[in-house]
Amino acid sequence: MAGRRGWKRSLTTGSPAMRDLLRKRRMWRGAGDLRDSYDVVIVGGGAHGLATAYYLGQLGVRNVAVLEQGYIGSGAAGRNTTILRSNYKTPEGARFYDASLKLYERLSLELGFNLLFSQCGHLTLAHSDRAMLVMANRAEVNRINGIDSRLVYTDEVKRLCPALNVSPDVTYPIQGALYHPPGGIIRHDAVVWGFARGADRAGVEIHPYTEVTGLEVADGRVQGVHTNRGHVRAGQVVSAVAGWSTLVCAMAGVELPITTHILQACVTEPVKPLLDVVIVSSQMHAYLSQSDRGEFVMGAEIEPWTTYRMKGTLNFLQELSRHTLELFPQLQYARVLRSWAGLCDISPDYSPILGVTEVENFHVSAGWGTYGFKAAPIVGKTMAQLVATGRTPDLIAPFTLQRFYEDRLVSELGAAAVSH
Ligand code: PYC
């Protein structure tokens, strides 16, 4: 005990050099009090909110606060299955997610923080003639946009993933796949921490456990934010709250065409390395990867009912196990360690809703459905440009809320393994 007390004393009363060292080692500063006023308030301390804060810092925008109702990264950023890819169906989507993937590729270096990006490749399996046509189509769109994607047949699928069961004697035999070499997995909480640390170093204030309870709008313009810690004035407000988007935007009187559903995932105990590519089956609504620790990380389709309650179901575990064992029978004795559910904010065309709203200076990053995590860097970068310049960057122009009033949908229907 005496030893521990001594150690504590040296932390608090150590030399200025030691205190400086300890301060530098912190990932980010403690929250402190809220100021009366910020130039920019970002609602949501997940990957999108923190990325926006980070890129605002890079653009030299100061007096920025991130408000998070829980601990940072406690929403969708901490509940995804860490998959990155850009093999989307529409040219607008493919270009947008490709820009995000390219940012991810150099993000560890830029943030000076290892995000453990494993660019191991991504296979979307096709189990029918129709699915092969759809994959061929996606490969075309991808290649036209400079994205590395191609149709492969069963022999190459087996070569890329020797552990996969490609036998014809299963419920859904594999005919081929869309192969996307730049796809992969990344450490999701490291992405959150890396952006938080980078934003903090640029002077952004990060306030966890600060819930937004209302938005103040007057004369068609956002004026401030009510929180459980008091009111703050705000020049601009960005909503980056994923599954809670409809609720936060409603506080500003902005109606979003979004329904909110849960998406469930789970992880097995660690097993020996046998999977070094991401496997997705659209037919079976399943996606799998193996983490650096050896766990199989697996997810299923969104649940069809709308809810804000993140409760898991036994049915999910049963269906996902059945499909997984069809693909990887060798996992029959692997135990599931934990499962979780996250909220998905789904738009009518399965594309995001990004940028300005009818309320001046109130901007939104929403409608992510199941694609949000992979978009974090490009959302951050483009939203920061919007906030800093007042102009909508070309990359996100197709995704404004206005498209639903002008029938300009960007349909990503069928570009994922999760019911759509
Ligand atoms: O679109 O890659 C994807 C995805 C994986 C899990 C949920 N969505």
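Residues numbered from 1 in each chain as written. Predicted model: local features only at pLDDT ≥ 70, side-chain atom pairs only at ≥ 80, totals over all residues. Heavy atoms only, no water.

Caption draft 1: Summary view of the pairing of strand β9 (residues 212-218). Note that β9 and strand β10 (residues 221-227) share six bridges and pair antiparallel. Within β10, the position partnered with G214 by the bridge is H226. Linking β9 to β10, which pair antiparallel, is a turn of two residues; within it D219 sits at a positive phi near 55 degrees. (Pairing = 2+ DSSP bridges. Helix = DSSP H or I, 4+ residues; strand = E, 2+ residues; numbered from the N terminus.)

Caption draft 2: Seen up close, unusual backbone geometry. One non-glycine residue, Y209, adopts positive backbone phi at about 55 degrees. With respect to the helices and strands, Y209 occurs in the loop between β8 (205-207) and β9. For N361, which is not glycine, the phi dihedral falls at a positive 70 degrees. On the secondary structure map, N361 appears in the loop between β17 (353-356) and β18 (362-366). Under the relative-accessibility criterion, N361 is labelled buried at 17%. (Buried < 20%, exposed > 50% of the residue type's maximum accessible area, 1.4 Å probe, protein only.)

Caption draft 3: View of the packing of helix α3 (residues 47-58) against helix α8 (residues 188-201). For the pair α3 and α8, the least separation of the axes is 8 Å and the interaxial angle reads 30 degrees. Taken together, α3 and α8 sit at an angle that is classed as roughly parallel. For the pair α3 and α8, the crossing hand works out as left-handed. Contacts between α3 and α8 involve A47, L50, A51, A53, Y54 and Y55 from the former and V192, F195, A196, G198 and A199 from the latter. Here the residues of the contact of α3 with α8 are counted per class, giving ten nonpolar, one polar and no charged. (Axes fitted to C-alpha atoms, helices over the stretch in contact; angles between N-to-C directions. Parallel < 35°, antiparallel > 145°, perpendicular 65-115°, else oblique. Left-handed = near helix turned anticlockwise from the far one by under 90°. Contact = heavy atoms within 4.5 Å. Nonpolar A, V, L, I, M, F, W, Y, C, P; charged D, E, K, R; others polar.)

Caption draft 4: Region of the structure containing the packing of aromatic side chains. As enumerated under the stated definition, the model contains twelve aromatic pairs in all. One aromatic cluster is present, formed by Y88, F96, Y97, W368, Y371 and F399 through successive ring pairs. Lying across the ring of Y88, R85 places its NZ or CZ 4.4 Å from the centre. (Phe/Tyr/Trp six-rings, centres within 6.5 Å; stacked < 30°, edge-to-face > 60°. Lys NZ or Arg CZ within 6 Å of the ring centre and 35° of its normal.)

Caption draft 5: Examining the site of the ligand more closely. Within the structure, the ligand sits among T81, I83, R85, Y287, T370, Y371, K374 and A416. R85 has a polar side-chain atom sitting 2.6 Å from an oxygen atom of the ligand. Burial of the ligand by the protein amounts to 94% of the accessible area it has alone, namely 240 Å². Broken down by class, the residue content of the shell around the ligand amounts to four nonpolar, two polar and two charged. (Near = heavy atom within 4 Å. Polar contact = N/O pair within 3.5 Å; in protein donor to acceptor, adjacent residues only side chain to side chain. Areas by Shrake-Rupley, 256 points an atom, 1.4 Å probe, with all protein chains shown as cover.)

Caption draft 6: Representation of the sheet that holds strand β16 (residues 336-346) within the structure. Within the open sheet, the eight strands sit side by side as β5-β6-β4-β13-β14-β15-β12-β16. Their pairing is mixed. Looking along the sheet, the strands with just one partner apiece sit at the ends: β5 (150-153) and β16. Pairs of neighbouring strands in the sheet enclose a mean axial angle of 25 degrees, with direction left out of account. Sheet topology note: the strand β4 (residues 122-126)/strand β13 (residues 278-281) ladder contains four bridges and is parallel. Among the inter-strand pairings, T124 is bridged to a residue of β13, identified as V280. Set on the sheet, helix α6 (residues 129-144) makes contact with β4, β5 and β6 (176-180); between it and β5 the angle comes to about 145 degrees. The sheet contacts of helix α10 (residues 314-327) involve β4, β12 (259-268), β13, β14 (286-290), β15 (296-306) and β16, and relative to β15 the element is tilted by about 135 degrees.

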